[in-house]
Number of protein chains: 2
Amino acid sequence: MTTNHQWLLARRPKGEPSVEDFAWVSAPMPTLSDGQVLVRHHYLSLDPYMRGRMNDGKSYAAPQPLDSVMIGGTVGEVAQSRHSQFAVGDKVMSMGGWQLFSAVDANVPGALRSVDTSHVPISHYLGAVGMPGVTAWHGLVRIIDPKAGQTLTVSAASGAVGSALGALAKARGCRVVGIAGGEEKCNYVTQELGFDACIDYKAHTDYLSLSKALKQACPHGIDGHFENAGGMALDAVMLRLNPFASIAVCGMIAGYNGHPIPMANPSLILVNRLKVQGFIVSEHPDDWAPALKELGQLVGSGQFRPRETVAQGLASAPQAFLGLLKGKNLGKQLVQLI
Amino acid sequence: MTTNHQWLLARRPKGEPSVEDFAWVSAPMPTLSDGQVLVRHHYLSLDPYMRGRMNDGKSYAAPQPLDSVMIGGTVGEVAQSRHSQFAVGDKVMSMGGWQLFSAVDANVPGALRSVDTSHVPISHYLGAVGMPGVTAWHGLVRIIDPKAGQTLTVSAASGAVGSALGALAKARGCRVVGIAGGEEKCNYVTQELGFDACIDYKAHTDYLSLSKALKQACPHGIDGHFENAGGMALDAVMLRLNPFASIAVCGMIAGYNGHPIPMANPSLILVNRLKVQGFIVSEHPDDWAPALKELGQLVGSGQFRPRETVAQGLASAPQAFLGLLKGKNLGKQLVQLI
């Protein structure tokens, strides 16, 4: 094997992205320097944050450069090693990008992590026991900080982050109510993920209507909210928040295409003395160890069984990504590469 | 003297309040029970929060009951006492309401506080060294928590809360930029209060224009913001906030008349990992002692010389209050009652 396949960012999308924004190329296999490891990727993670990186504007992360390999989390196995702590065959996670192979400088802290696949399938290290899981953990533990018996809500509840939020909150004795798009996702959230209720936002034409449904599902109001989406769900939840509630803001997917979505009633921040806080999980490296430990136990014990939507083959990555942005996946969206 | 005069809330305003929403009545002088003190009010404080209390809707405080004396902070002197710790002639502050006299149960913690008028004029205990000053202190110290050299902004900068925010922030070595309505207020903010700059929001037709002016006044961005107003100022500031900035939300005056004012770009909460937190000063009683100590020193030493706008006579209270809601006052709005 001497060829690597890659997807590059070919152009910056105006509004909704399309397959033509990506370019499929072949590239020679990387040659290793001392300290580097060649990883053969088994799975590529697709995540909403990638949409933000495709833009050129000011954001929390530098834009994805044009004509370079699309960024992305990967799991796989060591194919060659010039680092003493990694041997051929080791299972690892890294930010390998949208390609079949990558060379990783294993001396960079956090760049290459070994993963234990004895109790947890390797793909989960891109979801429940990976970045999305840690994202849920940080928002829940560091921002919302709930008490047993409190009611929490989460938007995009069936996704990788939302499902982990639900599992972590249930483990803390909370009532958890999800918001998701469509009956199938809502059924998955309540019947498989064990949420106490799930509201289909697609059954509501405006946030006031959605808010009424939330009132029924949350008879004691809402004490904390984890926001993955922005827009209608956030506006609806805000009307039901109890005094001193916190909102962890993790995603504003609906705004990524360049249309700002206003917050309908910001005065509620004052009226209910809310704390609304945005965060990016990569800026909290100290949270990874405790989060992954708890999430690994929840998955390993079978308490938390998140589904995955797996596209086959690297060639399918752009289409799968566009589907993710439209909410077509159920659970974590992956691309299987071998 | 056997008659007390009072303003009652006669009806709940629909939209903008008017003088007809208040009723002027005479009432017999209170007779005291054991533990009570009769206070003759010297000054009545007028504050934006009173507008919120006039509504019947859900808010952080119970609505002002109809046909009862309008709520309000007062300073004055003890006219009669049936409490061992208060003597006739003592200067005191309390929530006496829109009336000339009130009977206070001095055994209720915090209901009646003695004030030291040797270095600080009594009226300032309703402003800089009173509730508005403590409000600024809490938002600055407990939410924004600035470091020397950082840039802070505050809306309604010429008001009682805004001016105290500026004095406290300057004392901590911050660059402070105010936002106020009109040239006269802006001149007061920079020339008398010592802010580094002040921007007249009335010179701007939209928040994007105001935001450009903020960019000039805040060349290193904004690290913390104290929001007294809501609406255009908040939207403009948010575009200039640095990563990890905090917003203390103290007032949303523009929304009190029942028209919600959307937040234009809530996705900035995520992009810049902001913390946006609402608070009500009365829920933080532990802050009063350290805040009043610092504010008393700033005023007593002459470092902080806030202006007051003083209406004469209780009869003028409704008109003065309506003027306050329209921003006609410069500095703390008071009504002098003797």
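Residues numbered from 1 in each chain as written. Chains lettered and ligands numbered in written order. Predicted model: local features only at pLDDT ≥ 70, side-chain atom pairs only at ≥ 80, totals over all residues.

Asker: Can you help me understand the environment of R172(A) in this one?
Answerer: Residues and elements named next belong to chain A. Of note, R172 is situated in the loop between α3 (160–171) and β9 (175–180). R172 sits 26 residues away from P146 along the chain, and the two C-alpha atoms are 7.9 Å apart. Ignoring any residue separated from it by four or fewer positions in sequence, one finds R172 in contact with P146 and A148. (Helix = DSSP H or I, 4+ residues; strand = E, 2+ residues; numbered from the N terminus. Contact = placed C-beta atoms within 7 Å.)

Asker: Whenever I open this one, helix α2 (residues 131–144) of chain A confuses me. Can you help?
Answerer: Residues three or four positions apart in an α-helix share a direction because the helix packs 3.6 residues into each turn. Residue and element names in this part refer to chain A. The end-to-end C-alpha separation of α2 is 18 Å, in line with the 20 Å expected for 14 residues at 1.5 Å each. When you tally the buried positions in α2, you get 12 out of 14 residues, the bulk of the element. For α2, every residue scored as buried is listed here: M131, P132, G133, V134, T135, A136, W137, H138, G139, L140, I143 and I144. At the C-terminal side of α2, D145 shows a positive phi close to 50°. (Expected span 1.5 Å × (residues − 1). Buried ≥ 20, exposed ≤ 12 C-beta atoms within 10 Å, placed from the backbone.)

Asker: Help me out: how do you make sense of the interface of chain A and chain B in this one?
Answerer: In many analyses, interface size is given as the accessible surface area lost on bringing the parts together. Contact residues are listed per partner, giving 25 residues for chain A and 25 residues for chain B. Elements that contribute at least two residues to the side of chain A that touches chain B include exactly α7 (267–271) and β13 (275–278) of chain A. The residue inventory of the side of chain A that touches chain B, partitioned by class, reads 15 nonpolar, 8 polar and 2 charged. Pairing of β13(A) with strand β13 (residues 275–278) of chain B involves 3 bridges; the strand directions are antiparallel. Looking at β13(B), one finds that K275(A) is bridged to Q277(B). (Nonpolar A, V, L, I, M, F, W, Y, C, P; charged D, E, K, R; others polar. Pairing = 2+ DSSP bridges.)

Asker: Would you explain the sheet that holds strand β9 (residues 175–180) of chain B in this entry?
Answerer: Consider a sheet: its strands pair through backbone hydrogen bonds, and that pairing is either parallel or antiparallel. Spatially, 12 strands are ordered β10(A)-β9(A)-β8(A)-β11(A)-β12(A)-β13(A)-β13(B)-β12(B)-β11(B)-β8(B)-β9(B)-β10(B) in an open sheet, and the strand pairing comes out mixed. With partners counted over all chains shown, the strands left at the sheet margins are β10 (197–200) of chain A together with β10 (197–200) of chain B, one partner each. Going from strand to strand, the sheet's axes swing by 15° on average, the running direction of each strand aside. Sitting on the sheet, helix α2 (residues 131–144) of chain B touches β8 (151–155), β11 (222–227), β12 (241–249) and β13 of chain B, and the angle it makes with β12(B) is about 140°. Along the sheet, helix α5 (residues 207–217) of chain B contacts β9 and β10 of chain B; its crossing angle with β10(B), the most-contacted strand, is approximately 170°. (Axes fitted to C-alpha atoms, helices over the stretch in contact; angles between N-to-C directions.)

Asker: Help me understand the nonpolar core, please; the structure alone is not making it clear to me.
Answerer: Among the nonpolar cores identified, the biggest contains 218 residues, and A317(A), V335(A), A317(B) and V335(B) are the most heavily contacted of them. Not counting the four nearest positions on each side in its chain, A317(B) is found in contact with W7(B), L44(B), L46(B), W98(B), A311(B) and V335(B). (Core = buried A, V, L, I, M, F, W, Y, C linked by C-beta atoms within 7 Å.)

Asker: What's the story with unusual backbone geometry in this structure? I'm lost.
Answerer: Residues other than glycine predominantly adopt negative phi, and peptide bonds predominantly adopt the trans conformation. Residue D67(A) is not a glycine yet carries a positive backbone phi of 60°. Within the secondary structure layout, D67(A) lies in the loop between α1 (49–54) and β4 (74–81).

Asker: In this structure, what is going on with the environment of S26(A)? I would like to understand it.
Answerer: Residues and elements named next belong to chain A. One can find S26 in strand β2 (residues 22–28). The spacing of S26 and T3 is 23 residues in sequence and 6.5 Å in space, taken between C-alpha atoms. Filtering out sequence-adjacent residues up to four positions away, S26 remains in contact with T3 and H5.

Asker: Sorry, what's going on with the domain arrangement of chain A here?
Answerer: Residues and elements named next belong to chain A. What the domain assignment lists for chain A is domain 1 (3–127 + 307–336) and domain 2 (131–282). Computed over C-alpha atoms only, the centres of domain 1 and domain 2 are separated by 28 Å. Domain 1 puts 13 residues into the contact, and the matching count from domain 2 is 17 residues. Broken down by class, the residue content of the side of domain 1 that touches domain 2 amounts to 3 nonpolar, 6 polar and 4 charged. (Domains from an automatic or database assignment.)

Asker: What am I meant to see in the confidence of the model for chain A here?
Answerer: The predicted structure's coordinates, where accompanied by low pLDDT, should not be read in detail. Mean pLDDT over chain A works out to 94, with 97% of the residues at or above the 70 mark. Interface scoring of the predicted complex returns ipTM 0.89; its pTM is 0.90. (pLDDT = per-residue confidence, 0-100.)

Asker: What am I meant to see in the relation of the copies chain A and chain B here?
Answerer: One copy of the chain maps onto the second through a rotation around an axis plus a translation along that axis. Superposition of chain A onto chain B requires a rotation of 180° combined with a translation of 0.0 Å along the rotation axis, giving an RMSD of 0.0 Å. Put plainly, the chains are arranged around a two-fold axis. The overlap is high: 100% of the interface residues of chain A also sit at the interface in chain B, so the same surface is used on both sides. (Least-squares fit on C-alpha atoms with pLDDT ≥ 70 in both.)

Asker: Please clarify how the pairing of strand β14 (residues 308–312) of chain B should be interpreted in this entry.
Answerer: Looking along a regular strand, one sees side chains alternate from face to face of the sheet. All names here are of chain B. Pairing of β14 with strand β15 (residues 332–336) involves 5 bridges; the strand directions are parallel. Bridge pairing in β15 links V310 to L334. Running through helix α9 (residues 317–325), the crossover from β14 to the neighbouring parallel element β15 is right-handed. (Right-handed = clockwise from strand over helix to strand, strands pointing away.)

Asker: I'm lost on helix α9 (residues 317–325) of chain A in this one. Help?
Answerer: Residue and element names in this part refer to chain A. Along α9, the residues that are buried comprise A317, P318, A320, F321 and L324. Viewed along the axis of α9, the buried residues span an arc of 160°, placing them on a single side of the element. Summarising the contacts, the buried residues of α9 are in contact with β1 (3–9), β2, β3 (36–45), α1, β14 (308–312) and β15 (332–336). G327 occupies a position one or two residues after α9 and carries a positive phi of about 75°. (Arc of directions from axis to C-beta.)

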